[in-house]
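This is what each chain is made of:
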Amino acid sequence: RVNKLDQYQILKYPLTTESAMKKIEDNNTLVFIVDTRASKSKITEAVRRMYEIKTAKVNTLIRPDGLKKAYVRLTTDYDALDVANKIGII
């Protein structure tokens, strides 16, 4: 049995809450709900493969409802607002 996490399985969906929008505008950070088994390095790789962007840093937390949330900070070369438009969040 192959238990392989590819980039489509790691990144479930982007968060579009008000606080997530504030992060996009102010901190150049995208917020995703990810698979709970995904490590920070796997999340970085998945974001790079799916959206062709480089990440500066990834912070993760597990929410009380059991979902894992990842704050993906982009490098200064990329604008989170432009990437969010491309993805279709905004």
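First, a word on what this report is: a plain description of the structure on this page. All values reported here derive from a predicted model rather than from experimental measurement.

### Some thoughts on the side chain of Asn28
Residue placement: Asn28 occurs in the loop between α2 (18-27) and β2 (29-34). Residue Asn28 is classed as buried on the basis of its relative accessible area of 16%. One polar contact links the side chain of Asn28 to the main-chain amide nitrogen of Ala80, over a distance of 2.7 Å. Excluding its chain neighbours within four sequence positions, the residues that come into contact with Asn28 are Lys23, Val72, Arg73, Leu74, Thr75, Tyr78, Asp79 and Ala80.

### As for the packing of aromatic side chains
As enumerated under the stated definition, the model contains 1 aromatic pair in all. Where Phe32 meets Tyr51, the ring centres are 6.0 Å apart and the plane angle is 15°; that geometry is what we call stacked. Here Phe32 is found in strand β2, whereas its partner Tyr51 is found in helix α3 (residues 40-51), with 19 residues between them in sequence. Under the relative-accessibility criterion, Tyr51 is labelled buried at 14%.

### Details of the pattern of salt bridges
Inspection of every chain in the model, using the stated rule, returns 5 salt bridges. Asp26 is the partner of Lys22 in a salt bridge, and the nearest nitrogen-oxygen pair spans 2.9 Å. With Lys22 and Asp26 both in helix α2, this residue pair falls 4 residues apart, about one helical turn. Residue classification places Asp26 among the partly exposed residues on the basis of a relative accessible area of 49%. A salt bridge links Arg37 to Asp35; the nearest nitrogen and oxygen atoms lie 3.0 Å apart. Given the relative accessible area of 47%, Arg37 is considered partly exposed. Here the residues in one salt-bridge network are Glu45, Arg48 and Arg49, joined through shared partners.

Conventions we followed
Residues numbered from 1 in each chain as written. Predicted model: local features only at pLDDT ≥ 70, side-chain atom pairs only at ≥ 80, totals over all residues. Heavy atoms only, no water. Helix = DSSP H or I, 4+ residues; strand = E, 2+ residues; numbered from the N terminus. Buried < 20%, exposed > 50% of the residue type's maximum accessible area, 1.4 Å probe, protein only. Polar contact = N/O pair within 3.5 Å; in protein donor to acceptor, adjacent residues only side chain to side chain. Contact = heavy atoms within 4.5 Å. Phe/Tyr/Trp six-rings, centres within 6.5 Å; stacked < 30°, edge-to-face > 60°. Salt bridge = Lys/Arg side-chain N within 4 Å of Asp/Glu carboxyl O.

Geometric values such as these leave the question of function open.
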